Amino acid sequence: MGVTRIPIRSMLLCGILALVLAACLSSNEALPGTHSASQSPATTAPTASPHTGHTAISHKDDTELVATLYEMLGHLEASRANLERGNWTLVQAHAAHPTAEYWASVEAALTARNLASVRGALDDYLETAKQQANDAASRNDTARQAVQNVIRTIVDESPEPNVTRAAALALLAESIATEFSEGVENGRIVNVEEFQDSWGFFHVLRSELPIVLSTAPASGQGAITEAQEDLEALAQTTFAQFSDAPGATIAEADTARERLQHLASELRNAFGITASAPSSTEEQLSKIRDMLAATLQAYRTGDPDRAYEEAANAYLEGFEALEPALLERGHRELVEQLERDFKAIRDAIRAGRPVGEVEQLIRTVESALEEVEEVLR
């Protein structure tokens, strides 16, 4: 695409060397800054060192962390849109996602960067949403601003800020396509919450992408133009219009998915970013099973926080990568059932249910994964 491609291995090495140097200069200084709920599996967030309080953060970690934060921001946007309509059920559903679904996968990385205080703003908003409080809108504003500040800090401190933001938005575009596929079938909304996920994520993409494209190298102009055209076309569709009505028509359903995938590809081309090769179905299923085994082991040994993190990642970093292929093969009910089953595990851990009950819930998911394996074989 006319741009010099920077090998991922080189970017990782440069980022790590820079951070090691910074750590040597000041052992008390925070290092710059997972999963994206995108189709590309994410790596587990780094944990803090008991000696230094920080870990070396790679360029890939920056990208995936920012992509996850973009999704958290998208849920807050969807929650705010429902707030304006007075739909408190969906206000609360989207307000809960950043902490209930994502937090376990980002907490260690944010803590390593001294950015975990954003949790306070998220909790404050969720509580006002549950109470249907008069100040819910202002709390939502505060939470969104807090997440945006964290994103800005991580991007600004990353080895290549423009590349990090562009790569994260490419992951976000792919996540939008996945959520949209779950929310819309045959041109109609079949799952309002999933559709609103895609709408909230797109709201973030629509806001951030023009800024990022303005920083792309001139040599990537062709890819920039195509990404801009995709964004403009998507912004004109009914897909970009907020809805809380089951059965509402989304006329451009098929082209929306295609444009989102194309936009992600052209965005990477514009910045010379090479996408990570996706794991095979067998590798992904093995990853999920390993995480479920780690979930049960941690819970048995009295570590519910670790168990919850493993369970969350089994879904976010594991199963979500398989959802698009299952949806393409017409197995929507299997996807939705497994989403509920994964959530049931997390809920049981959070509620402190007996080990036997958590184990049974895990066995239910493992049994369903056998069907997933058969379908995707």
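Structure first, text after, so check above.
Residues numbered from 1 in each chain as written. Predicted model: local features only at pLDDT ≥ 70, side-chain atom pairs only at ≥ 80, totals over all residues. Heavy atoms only, no water.

*Asks:* What's the story with the overall build of the protein chain in this structure? I'm lost.
*Replies:* Scanning the protein chain for helices and strands turns up 14 helices and two strands. Accessible surface, the protein chain as shown: approximately 15,900 Å² in total, 48% of it carbon and sulfur. (Helix = DSSP H or I, 4+ residues; strand = E, 2+ residues; numbered from the N terminus. Areas by Shrake-Rupley, 256 points an atom, 1.4 Å probe, with all protein chains shown as cover.)

*Asks:* Explain the environment of aspartate 341 here, please?
*Replies:* Assignment of secondary structure puts aspartate 341 in helix α13 (residues 332–350). A relative accessible area of 13% places aspartate 341 in the buried class. Each C-alpha atom of the pair aspartate 341 and isoleucine 362 lies 8.2 Å from the other, and the pair is 21 residues apart in sequence. Setting aside its immediate chain neighbours within four residues, aspartate 341 contacts Thr364 and Val365. (Buried < 20%, exposed > 50% of the residue type's maximum accessible area, 1.4 Å probe, protein only. Contact = heavy atoms within 4.5 Å.)

*Asks:* In this structure, what is going on with the layout of surface pockets? I would like to understand it.
*Replies:* Space left empty within the atom packing is revealed by a probe, the size of a water molecule, rolled over the atoms. In this structure, the largest pocket spans a volume of roughly 540 Å³. Every residue lining the largest pocket is counted, 23 residues in all, and those nearest its centre are His97, Glu101, Glu193, Lys343 and Arg346. Elements represented by at least two residues in the lining of the largest pocket include exactly α3 (88–112), α7 (192–213), α11 (304–318) and α13. At seven residues, the largest contribution of residues to the lining of the largest pocket is made by α13. Along the lines of polarity and charge, the residues of the lining of the largest pocket split into seven nonpolar, three polar and 13 charged. (1 Å grid on protein atoms, 1.4 Å probe; cavity = no way out; pocket = protein on both sides within 12 Å on 5 of 7 lines; lining within 4 Å. Points joined across faces, edges and corners; volume = space filled by probe spheres on them. Nonpolar A, V, L, I, M, F, W, Y, C, P; charged D, E, K, R; others polar.)

*Asks:* How do you make sense of the environment of asparagine 82 when you look at a structure like this?
*Replies:* Mapped onto the fold, asparagine 82 is located in helix α2 (residues 59–85). For the pair asparagine 82 and aspartate 244, spaced 162 residues apart in sequence, the C-alpha to C-alpha distance is 7.7 Å.

*Asks:* Where do I start with the packing of aromatic side chains in this structure?
*Replies:* Two aromatic rings, taken as a pair, are described by how far apart their centres are and by the angle between their planes. By the definition in use, this model includes six aromatic pairs. Ring geometry for tryptophan 199 against phenylalanine 242: centres 4.9 Å apart, planes inclined by 70°, an arrangement best described as edge-to-face. One end of the pair, tryptophan 199, is in helix α7; the other, phenylalanine 242, is in the loop between α8 (221–235) and α9 (253–271), and 43 residues separate them in sequence. For the residue pair tryptophan 199 and phenylalanine 242, the accessibility class agrees, reading buried in each case. Through pairs of rings, three or more aromatic residues link up here, namely Phe180, Phe202 and Phe239. For the cation-ring pair, arginine 350 lies above tyrosine 308, with the distance from its terminal atom to the ring centre recorded as 4.0 Å. (Phe/Tyr/Trp six-rings, centres within 6.5 Å; stacked < 30°, edge-to-face > 60°. Lys NZ or Arg CZ within 6 Å of the ring centre and 35° of its normal.)

*Asks:* Hey, could you run me through the nonpolar core in this one?
*Replies:* Buried together is how nonpolar side chains tend to be arranged in soluble globular proteins. Among the nonpolar cores identified, the biggest contains 107 residues, and Leu205, Phe239 and Val372 are the most heavily contacted of them. Top element by residues in this core is helix α6 (residues 161–183). It accounts for 12 residues. The contact partners of leucine 205, leaving out residues within four places of it in the chain, are Leu169, Leu172, Ala173, Ile176, Pro210, Leu260 and Leu263. (Core = buried A, V, L, I, M, F, W, Y, C linked by side-chain atoms within 4.5 Å.)

*Asks:* How should α3 be read in this particular structure?
*Replies:* Every α-helix winds through 3.6 residues per turn, so residues three or four apart in the chain are directed the same way. A rise of 1.5 Å per residue sets the reference length of α3, with its 25 residues, at 36 Å; its end C-alpha atoms lie 35 Å apart and thus fit the reference within 8%. By the largest-angle criterion, tryptophan 103 marks the main kink of α3, which is about 80°. One or two steps after α3, the chain reaches asparagine 114, where phi turns positive at roughly 60°. (Expected span 1.5 Å × (residues − 1). Bend = angle between axes of the 7 residues up to and from the residue.)

*Asks:* For this particular structure, what's the right way to read the pattern of salt bridges?
*Replies:* A side chain of one charge can pair with a side chain of the opposite charge if their charged atoms are brought near each other. One pass over the full model with this rule turns up 22 salt bridges. For the salt bridge of glutamate 310 with arginine 306, the shortest nitrogen-to-oxygen distance reads 2.7 Å. One end of the pair, glutamate 310, and the other, arginine 306, are both in helix α11, four residues apart, so they sit about a helical turn from each other. A cluster of three or more residues bridged by salt bridges with shared partners is formed by Glu77, Arg80, Glu84, Asp141 and Arg144. (Salt bridge = Lys/Arg side-chain N within 4 Å of Asp/Glu carboxyl O.)

*Asks:* I keep staring at unusual backbone geometry and nothing clicks. Help me out?
*Replies:* What is expected of a backbone is that most residues other than glycine have negative phi and most peptide bonds are trans. Of note in this structure, asparagine 114 is not a glycine but carries a positive phi near 60°. For asparagine 114, the location among the structural elements is in the loop between α3 and α4 (118–131). Of note in the backbone geometry, glutamine 132 takes a positive phi value of approximately 50° without being a glycine. Counting through the fold element by element, glutamine 132 comes out in the loop between α4 and α5 (136–157).

*Asks:* What's the story with the packing of α13 against helix α14 (residues 355–376) in this structure? I'm lost.
*Replies:* Angle between the axes and distance between the axes: these two values describe a pair of packed helices. Remark: α13 packs on α14, axes separated minimally by 9 Å, with the N-to-C direction vectors making an angle of 160°. With respect to each other, α13 and α14 are oriented roughly antiparallel. For the pair α13 and α14, the crossing hand works out as left-handed. In this structure, α13 contributes Leu334, Leu338, Asp341, Phe342, Ala344, Ile345, Ala348 and Ile349 to the contact, and α14 contributes Val358, Leu361, Ile362, Thr364, Val365, Ala368, Glu371 and Val372. (Axes fitted to C-alpha atoms, helices over the stretch in contact; angles between N-to-C directions. Parallel < 35°, antiparallel > 145°, perpendicular 65-115°, else oblique. Left-handed = near helix turned anticlockwise from the far one by under 90°.)

*Asks:* Where do I start with the packing of helix α10 (residues 281–300) against α11 in this structure?
*Replies:* Running from amino to carboxyl end, α10 crosses α11 at an angle of 165°, the nearest separation of the two axes being 7 Å. Considering the angle they form, α10 stands roughly antiparallel to α11. Relative to α11, α10 is oriented so that their crossing is left-handed. For the pair α10 and α11, the contacting residues are Gln284, Lys287, Ile288, Met291, Leu292, Ala294, Thr295, Ala298 and Tyr299 in the first and Pro304, Arg306, Ala307, Glu310, Ala311, Asn313, Ala314, Glu317 and Gly318 in the second. Split into classes, the residues belonging to the contact of α10 with α11 amount to 10 nonpolar, four polar and four charged.

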